[in-house]
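Take a look at the letters that make up each chain.
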Amino acid sequence: MQTTLKRPELLAPAGSLEMMRTAFAYGADAVYAGQPRYSLRVRNNSFGKLEALEQGIGEAHEAGKAFFVVSNIYPHNAKVRSFIDDMTPVIEMKPDALIMADPGLIMMVRERWPDMDIHLSVQANTTNYAAVRFWQSVGVKRIILSRELSLDEVAEIRDACPDMELEVFVHGALCIAYSGRCLLSGYFNHRDPNQGTCTNSCRWDYKLHETNENAAGDLLTSGSEPLGNPREAGAVGTATRNRQQTVEGLALGGGPRHIGGSKVWLLEEGTRPGELMPIEEDEHGTYILNSRDLRAIEHVARLVAIGVDSLKIEGRTKSPYYVARASQGYRRAIDDALAGRAFDTRLLGTLESLANRGYTDGFYQRHHTPEHQNYLRGHSESGRSILVGEAIGFDPGRNLVEVEVKNRFAVGDRLEFAQPGANPEMQVQRILDGQRGELSVVPGSGRRVWLDAPADYDPAAPCFIARFLD
């Protein structure tokens, strides 16, 4: 164990210049962004224009921050042929590193720009210290470890490779496939996730259908709809039964049962015979492929103690509010860990206020006790909030904050003004409209109102306003 704790970098996503600026304001040390053609984020990516990328890199360096350019696709030949020409102006902008996955592209960059730092993408699925040593031998500076590793495995890699920079994900969406190597979207829509055009097929509302068996042992859907939920319904297919996988588990107990008005099938996995797992389907469908989102803020102290160099937040397609609250929360967790302070459980509730599919700490800790699960659940449910506005102006004479409304709030609600330095709270005593007339409630977005500024409000700093739900 290290006697002096290393201060890890907090790395945040940037799908736009606004997100980048917000991330830096709320505590991030670095951001990552990519060109749509060579990164795994084509949609909601404003860095497709070289001017925006150059401006982002320049602003980051002026602020003493780092800017990493993502080029982590596994390209087909057409993109290989254009890669060097397209990357030449990007390299001239002097990004702090390229985040890459494909060995061929890495080789091309090492030959053309030997001084360019390369970080190995999580797409490369690095799960052991031997692989880390291999990538180190070919000049890679940092390894972004696979999401499928436990804390103990990360620690073992750190001990075996003490002079290699290591980065791990601590927050954001998780793929149902192994570290993002998914084929569902390419199969359904011909939009390849590994080329940056994923349609998140794993998060569609798949519906289960009863099946019939033909003489050949194939399973056929009994209805007119196909099994699954492709965007465009096609011909009903067949599935050959693998008898070692006990497909009969789909209808164990005499067909689907009904519990509380919802259909429930019992699934039996071939490697867990006798363990019946319920899949519930309501009027919205069933989410059999939809992973929960990663939230590992309770493990930050352990990751700091291990000596991980960078803690990474996923979410280049998310909002500035998302990157603000996530960066602020993990910044505080890192600072507390370095100072030897206990984990602040209120951070769990703060992150619960962000849109999520339910949280998991992924593979970091494989087996939680019921007591630990209850502990996390209890603290997650406290301090929850919803974004209701963003500060866009200030009247110093009247000490009023102008708010662009995002969601409903009313007189009597308890609000939190999330700012980089502090998060002052207050109960709403009055809401003023544009003519400074009083309102009792603001029904929703598309409006601008004025609120009294809370104590310790900083008019010079960005501010997102959230309403507490409890």
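None of these values were measured; they are calculated from a predicted model. Throughout this document, residue positions are counted from 1 along each chain, in the order its sequence is written. Per-residue local features are limited, in this predicted model, to residues with pLDDT of at least 70; the limit for side-chain atom pairs, both in listing and counting, is 80 or more; totals at the level of whole chains, interfaces and linings are taken over all residues. Working from all heavy atoms in the structure, the side-chain values ignore hydrogens and water.

### A short note on the overall build of the protein
- Helical segments are the DSSP runs of H or I of at least four residues, strand segments are the runs of E of at least two, and each set is numbered from the N terminus. A count of helices and strands for the protein gives 11 helices and 26 strands.
- Only protein chains enter the accessibility calculation, which uses a 1.4 Å probe; a residue whose area is less than 20% of its type maximum is buried, one above 50% is exposed, and one in between is partly exposed. The burial tally for the protein puts 49% of its 470 residues in the buried class.
- In this analysis, two residues are considered to be in contact whenever any of their non-hydrogen atoms come within 4.5 Å of each other. Long-range contacts, defined here as pairs at least 24 residues apart, represent 65% of the contacts in the protein between residues at least 6 apart.

### Regarding the side chain of Asp413
- In this fold, Asp413 is placed in the loop between strand S19 (409–410) and strand S20 (414–418).
- Despite being buried, Asp413 has no salt bridge partner; Arg467 is the closest side chain of opposite charge, sitting 4.1 Å away.
- At 2.7 Å, the side chain of Asp413 forms a polar contact with the backbone nitrogen of Ala410.
- Once you skip the residues sitting within four places of it in the chain, Asp413 turns out to touch Met426, Gln427, Val428 and Arg467. Asp and Glu are treated as the negative residues and Lys and Arg as the positive ones, with His and the ends of the chain left uncounted. Between Lys or Arg on one side and Asp or Glu on the other, a salt bridge is scored when a side-chain nitrogen of the former is within 4 Å of a carboxyl oxygen of the latter. Under the rule applied, a polar contact is a pair of N or O atoms within 3.5 Å (in protein, one hydrogen donor and one hydrogen acceptor; residues adjacent in sequence only if both atoms are side-chain atoms).

### A look at the environment of Gln427
- You can see Gln427 is positioned in strand S21 (residues 425–427).
- Of the residues examined, Gln427 reaches a relative accessible area of 47% and is grouped as partly exposed.
- For the pair Gln427 and Asp452, spaced 25 residues apart in sequence, the C-alpha separation works out to 9.9 Å.
- Ignoring any residue separated from it by four or fewer positions in sequence, one finds Gln427 in contact with Gly412, Asp413 and Arg414.
- A polar atom in the side chain of Gln427 sits 3.0 Å from the backbone oxygen of Gly412.

### Comments concerning the confidence of the model for the protein
- Per-residue confidence from the predictor is given as pLDDT, running between 0 and 100. Model confidence for the protein is summarised by a mean pLDDT of 81, while 71% of its residues fall at 70 or above.
- Contacts of residues 216–272 to residues separated by more than four positions or lying in other chains number 100 contacts, the stretch itself having pLDDT below 50.

### Here's the deal with the packing of aromatic side chains
- Pairing of aromatic rings covers Phe, Tyr and Trp, the last counted by its six-membered ring, and requires centre-to-centre distances within 6.5 Å; plane angles under 30 degrees mean stacked, over 60 mean edge-to-face, and any other angle means tilted. Counted according to the given criterion, the structure contains 7 aromatic pairs.
- Centroid distance Tyr26 to Phe464: 6.1 Å. Interplanar angle 50°. Geometry classified as tilted. Of this pair, Tyr26 sits in the loop between helix H1 (17–25) and strand S2 (30–34) while Phe464 sits in strand S26 (residues 464–468), and the two are 438 residues apart along the sequence.
- The class for Tyr26 is buried, based on a relative accessible area of 3%.
- The criterion for a charge sitting over a ring is simple: Lys NZ or Arg CZ within 6 Å of the ring centre, and within 35 degrees of the ring normal. In this arrangement the basic side chain of Arg147 is found over the ring face of Phe169, its NZ or CZ atom lying 3.9 Å from the centre.
- When the ring centre of Phe468 is taken as origin, the NZ or CZ atom of Arg414, which lies over that ring, is 3.8 Å away.

### A word on the pattern of salt bridges
- This structure, assessed with the given rule, holds 22 salt bridges.
- In this structure, Glu165 engages Lys141 in a salt bridge whose closest nitrogen and oxygen atoms are separated by 3.9 Å. Placement of Glu165 in strand S7 (residues 165–172) and of Lys141 in the loop between helix H5 (129–137) and strand S6 (142–144) is noted, with a sequence separation of 24 residues between them.
- Asp152 is the partner of Arg302 in a salt bridge, and the nearest nitrogen-oxygen pair spans 3.0 Å. Here Asp152 lies in helix H6 (residues 151–160) and Arg302 lies in helix H8 (residues 300–306), a separation of 150 residues in the sequence.

### A word on the packing of H5 against H6
- The geometry of H5 relative to H6 is characterised by a closest axis approach of 9 Å and an angle of 45° between their N-to-C directions. By the angle between their directions, the pair H5 and H6 is classed as oblique. The way H5 lies across H6 gives a crossing that is right-handed. The residues of H6 that touch H5, namely those facing Tyr129, Val132 and Arg133, are Glu156, Ile157 and Ala160.
- Any residue outside Ala, Val, Leu, Ile, Met, Phe, Trp, Tyr, Cys, Pro, Asp, Glu, Lys and Arg is labelled polar, Gly included; the first ten of those are nonpolar and the last four are charged. Residues belonging to the contact of H5 with H6 are distributed by class as follows: 4 nonpolar, no polar and 2 charged. In this description, a line fitted to the C-alpha atoms serves as the axis of each element, helices being fitted only across the stretch in contact, and the angle between N-to-C directions of two axes falls anywhere from 0 to 180 degrees. Every angle not falling under 35 degrees, over 145, or within 65 to 115 is termed oblique; those three ranges are roughly parallel, roughly antiparallel and roughly perpendicular. Definitions for this section: a left-handed crossing has its near helix turned counterclockwise from the far helix by less than a right angle. A right-handed crossing has that turn clockwise.

### A look at the side chain of Ser310
- Mapped onto the elements, Ser310 comes out in strand S15 (residues 310–313).
- Contacts of Ser310, omitting those with residues within four sequence positions, involve Pro8, Glu9, Leu11, Arg142, Leu166, Glu167 and Val168.

### Considerations on the packing of H1 against helix H9 (residues 320–339)
- Relative orientation of the contacting elements H1 and H9 amounts to 20°, with a least axis distance of 8 Å. Relative to H9, the element H1 is oriented roughly parallel. Viewed along their axes, H1 and H9 form a crossing whose handedness is right-handed. Facing H1, whose interface residues are Glu18, Met19, Thr22 and Ala23, H9 presents Pro320, Val323, Ala324 and Ser327.
- A class-by-class count of the residues in the contact of H1 with H9 yields 5 nonpolar, 2 polar and 1 charged.

### Focus on H1
- Of all the positions in H1, only Leu17, Met19, Met20, Thr22, Ala23 and Phe24 are classed as buried.
- Gly27, located one to two residues past H1, shows a positive phi value of around 115°.

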